[in-house]
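Secondary and tertiary structure notes
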Amino acid sequence: MEHDTPYFFCGIGGSGMLPLALIVHARGHRVAGSDRSLDQGRLAPKFEYLRSLGIGLFPQDGSGITDPAQVLVTSAAVEDTVPDVVAARALGAPMLTRPQLLARLFNGARLSIGVAGTSGKSTTTGMLGWILERCGHRPTVMNGAVMKNFVRPDSPFSSALVGDGPAFVAEVDESDGSIANYTPHVALVNNIALDHKSMDELRRLFAAFTAKARMAVLNLDNGETAALAATLPADRLTTYSLSDARADLLAGDIAPAPDGIGFAVREKGGGAVAVRLRVPGRHNVANALAALAAARAAGLSLDDAAAALGEFFGVRRRLETVGTRGGVTVIDDFAHNPDKIAATLATLHDWPGRLLVMFQPHGFGPLRLMKDEFVACFAEKLGADDVLIMPDPAYFGGTVDRSVTSAHLAEAIAARGRHALALGERSACGDALVDMARPGDRIVVMGARDDTLSLFAEEILARLRG
């Protein structure tokens with residue numbers, strides 16, 4: 001990247017775009033952008049923060065593209081008819097997709113650590129970023145979620161961290177195939193499960209990703225990543241597990257608590273080190289083992305890395321308690337595929353109390369692809385008294401196959417003996433949650449790809465009877 005190249009981010013408020021724009025800006029480049037949410041008057045604090053940094057914001061009408069030297073950065077799926085793209089083409093300005101730009105930065109780092117997998121990427125990235133920062137390594141971290149440890153009054157949207165150390169830690173995505181762009185020194189894969197692509201395609205993508213790395217960090221508790229581990233030479237492999245004694249890092253003495261979880265981690269050939277996480281759930285023990293294994297691959301001691309993890313406060317929208325009112329607790333959660341939903345429900349069921357779950361599917365396509373898995377997950381993981389309420393899937397424009405809806409999902413889950421209903425409008429779901437809630441209940445607002453879900457959760461809390 002040439003110094004002071006001007007960049008224009010189309011969709012700058014997106015969870016993948018915002019941290020990348022912050023990193024590019026911090027490295028001395030001129031940054032501007034546009035966003036549909038800005039045009040619609042939504043999510044004002046995020047855009048006020050960008051303006052406070054000197055980042056210019058424009059309507060998404062092409063008016064911000066005025067210089068042939070500007071590099072237009074778009075999401076991988078942006079349509080050619082978007083005015084910013086039309087304006088860039090007319091000027092002959094260069095264009096990059098977000099994954100292409102991230103890969104360019106990542107591949108140029110002295111120590112590139114790619115965090116991949118179907119579930120747990122953002123939390124593991126945050127854990128590893130905090131370990132490296134706390135241990136004085138000054139990493140650059142690119143995450144898809146706000147990392148609470150890095151939030152300051154002057155940086156409220158800390159989904160990125162810019163350091164001058166050798167490590168560049170990035171959450172890398174398989175859903176659009178862009179994982180193929182990255183050449184990691186350390187390749188971490190938490191798990192592989194059905195989400196956006198067929199299993200055959202996922203296996204191919206993750207195998208190619210780990211094959212390029214000097215060291216692969218893999219989970220022996222997931223059948224797919226365990227099978228991948230079996231194909232790699234021992235000197236390029238670090239494994240972790242909650243149960244498999246063959247693992248390089250093994251967790252034991254797991255002790256859940258309402259505000260976190262404790263465990264002991266034993267390194268093969270070494271002693272046990274105690275870890276006390278401030279984030280709950282056995283899935284977070286697995287995420288912590290992954291981060292510890294990657295930290296070891298980066299040269300840190302297990303003792304130092306484990307101590308740093310005890311100060312990790314989590315990432316936003318991952319089982320995040322919004323507040324409690326009238327004995328009802330509201331929780332905001334990013335879970336959107338069957339594995340993530342199962343982990344959330346299992347963690348919440350460690351403690352008594354009815355769950356009132358509002359799940360907004362993150363698109364008609366994923367709902368159609370994973371309908372049977374969603375049905376099985378909710379039917380098996382919801383408690384007998386729990387209630388599932390669904391609005392229509394998130395929809396952001398364009399043509400889409402609506403042959404499978406939230407109503408189909410609710411009907412199939414109800415046929416399996418669970419309380420499930422689809423109400424169409426999200427406002428109707430909010431009314432139902434408030435009417436149903438009684439002391440001891442926990443309301444869980446669940447879904448992805450829609451920043452307004454957090455605002456919805458706050459509104460629900462405010463409406464509860466005090």
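So, a few notes on the structure that sits alongside this text. Bear in mind that the values here come from a model prediction, so they are computed numbers and not experimental data.

When helices and strands are counted, the protein chain shows 16 helices and 21 strands. Taking 2.2 N^0.38 as the reference for a compact globule, 466 residues should give roughly 23 Å; the C-alpha atoms of the protein chain span a radius of gyration of 22 Å, in line with that estimate. If one aligns the C-alpha atoms of the protein chain with their principal axes, the spans along those axes are about 60 × 55 × 45 Å. Per-residue burial for the protein chain yields a buried fraction of 56% across its 466 residues. Across the protein chain, every contact between residues at least 6 apart in sequence was considered, and the portion connecting residues at least 24 apart equals 66%. Accessible surface computed for the protein chain: about 18500 Å², of which carbon and sulfur atoms make up 51%. Charged side chains in the protein chain number 46 positive and 52 negative. The centres of these two groups are separated by 2 Å.

Moving on, we come to the layout of surface pockets. Estimates place the volume of the second largest pocket at around 370 Å³. Lining the second largest pocket are 19 residues, and of these P258, P280, L319, T321 and I331 lie nearest its centre. Within the lining of the second largest pocket, the residues separate by chemical class into nine nonpolar, four polar and six charged.

With that settled, consider unusual backbone geometry. In this model, R138 sits at a positive phi of 45°, which is unusual for a non-glycine residue. For R138, the position within the fold is in the loop between α6 (121-134) and β7 (140-142).

Closest axis-to-axis distance for the helix α15 (residues 426-436)/helix α16 (residues 452-463) pair is 10 Å, and the angle between their directions is 35°. Note that α15 runs across α16; the crossing there is right-handed. Only T452, L453, F456, I460 and R463 of α16 make contact with α15, whose side of the interface consists of R426, G430, D431, L433 and V434. Looking at the contact of α15 with α16 residue by residue, the class counts come to five nonpolar, two polar and three charged.

With that settled, the discussion passes to the side chain of R98. Relative to the helices and strands, R98 is located in helix α5 (residues 98-107). If sequence neighbours within four positions are ignored, R98 has contacts with G16, M17, L20, V73, T74 and M142.

With that settled, consider the packing of aromatic side chains. A complete count under the given rule lists seven aromatic pairs for this structure. Here F106 and F168 contribute two aromatic rings whose centre-to-centre distance is 6.0 Å and whose plane-to-plane angle is 85°, an arrangement assigned as edge-to-face. Of this pair, F106 sits in helix α5 while F168 is found in strand β9 (residues 167-171), placing the two residues 62 residues apart along the sequence. A single burial state applies to F106 and to F168, both of which are buried. Judged by centre distance (5.5 Å) and plane angle (50°), the ring pair of F359 and F378 falls under tilted. With F359 in strand β18 (residues 355-360) and F378 in helix α13 (residues 371-381), the pair connects residues that are 19 residues apart, well separated along the chain. An identical accessibility class is assigned to F359 and F378; each is buried. Chaining the aromatic ring pairs together yields one cluster made of F106, F168 and Y182. Over the ring of F334 we find R318; its NZ or CZ atom is 3.9 Å from the centre of that ring. A cation sits over an aromatic face here: R402 above Y395, 4.6 Å from the ring centre.

This part is about the packing of helix α9 (residues 282-297) against helix α10 (residues 302-309). At a minimum axis distance of 10 Å, the contact between α9 and α10 shows a crossing angle of 140°. By the criterion of interaxial angle, the relationship of α9 to α10 is oblique. For the pair α9 and α10, the sense of crossing is right-handed. Together, A288, L292, A295 and R296 of α9 and L302, A305, A306 and L309 of α10 make up the contact between the two elements. For the contact of α9 with α10, the per-class residue count stands at seven nonpolar, no polar and one charged.

Below, the discussion takes up the side chain of R442. As for its placement among the helices and strands, R442 is situated in strand β21 (residues 442-447). Despite its burial, R442 pairs with no opposite charge, the nearest such side chain being D386 at 6.4 Å. At 2.7 Å, the side chain of R442 and the backbone oxygen of L348 are in polar contact. A distance of 2.8 Å separates the side chain of R442 from the backbone oxygen of G353, its partner in a polar contact.

Turning to the sheet that holds β21, a few remarks are in order. Spatial strand order, β16-β17-β21-β18-β19-β20: six strands in an open sheet with mixed pairing. In this open sheet, the two edge strands, each paired with only one partner strand, are β16 (320-325) and β20 (419-424). Between one strand axis and the next, the sheet turns through 20° on average, direction left out of account. Two elements, β18 and β21, share six bridges in a ladder whose sense is parallel.

This paragraph deals with helix α4 (residues 83-91). What α4 keeps buried is the set D84, V85, A87 and A88. Down the axis of α4, the buried side of the element spans an arc of 160°, and every buried residue falls inside it. In this fold, the buried residues of α4 make contact with β1 (7-10), β2 (31-34), β4 (71-74) and β5 (95-97). Just downstream of α4 lies G92, where phi reads positive at about 75°.

Topologically, V82 is positioned in the loop between β4 and α4. Residues V82 and Q60, 22 residues apart in the sequence, show an inter-C-alpha distance of 7.9 Å.

This brings us to the nonpolar core. In a soluble, globular protein the nonpolar side chains are often hidden away together inside. Of all hydrophobic cores here, the largest spans 52 residues; its most connected members are F9, I12 and F168. Not counting the four nearest positions on each side in its chain, I12 is found in contact with M17, L18, A21, V31, A32, G33, S34, D35, F47, L50, I55 and L57. A251, A294, A295 and V315 belong to the second largest nonpolar core, which has 47 residues in total.

The rules behind the values
- Residues numbered from 1 in each chain as written.
- Predicted model: local features only at pLDDT ≥ 70, side-chain atom pairs only at ≥ 80, totals over all residues.
- Heavy atoms only, no water.
- Helix = DSSP H or I, 4+ residues; strand = E, 2+ residues; numbered from the N terminus.
- Rg over C-alpha atoms; globule rule 2.2 N^0.38 Å.
- Buried < 20%, exposed > 50% of the residue type's maximum accessible area, 1.4 Å probe, protein only.
- Contact = heavy atoms within 4.5 Å.
- Areas by Shrake-Rupley, 256 points an atom, 1.4 Å probe, with all protein chains shown as cover.
- Lys, Arg positive; Asp, Glu negative; His and termini not counted.
- Charge placed at Lys NZ, Arg CZ, Asp CG, Glu CD.
- 1 Å grid on protein atoms, 1.4 Å probe; cavity = no way out; pocket = protein on both sides within 12 Å on 5 of 7 lines; lining within 4 Å.
- Points joined across faces, edges and corners; volume = space filled by probe spheres on them.
- Nonpolar A, V, L, I, M, F, W, Y, C, P; charged D, E, K, R; others polar.
- Axes fitted to C-alpha atoms, helices over the stretch in contact; angles between N-to-C directions.
- Left-handed = near helix turned anticlockwise from the far one by under 90°.
- Phe/Tyr/Trp six-rings, centres within 6.5 Å; stacked < 30°, edge-to-face > 60°.
- Lys NZ or Arg CZ within 6 Å of the ring centre and 35° of its normal.
- Parallel < 35°, antiparallel > 145°, perpendicular 65-115°, else oblique.
- Salt bridge = Lys/Arg side-chain N within 4 Å of Asp/Glu carboxyl O.
- Polar contact = N/O pair within 3.5 Å; in protein donor to acceptor, adjacent residues only side chain to side chain.
- Pairing = 2+ DSSP bridges.
- Arc of directions from axis to C-beta.
- Core = buried A, V, L, I, M, F, W, Y, C linked by side-chain atoms within 4.5 Å.

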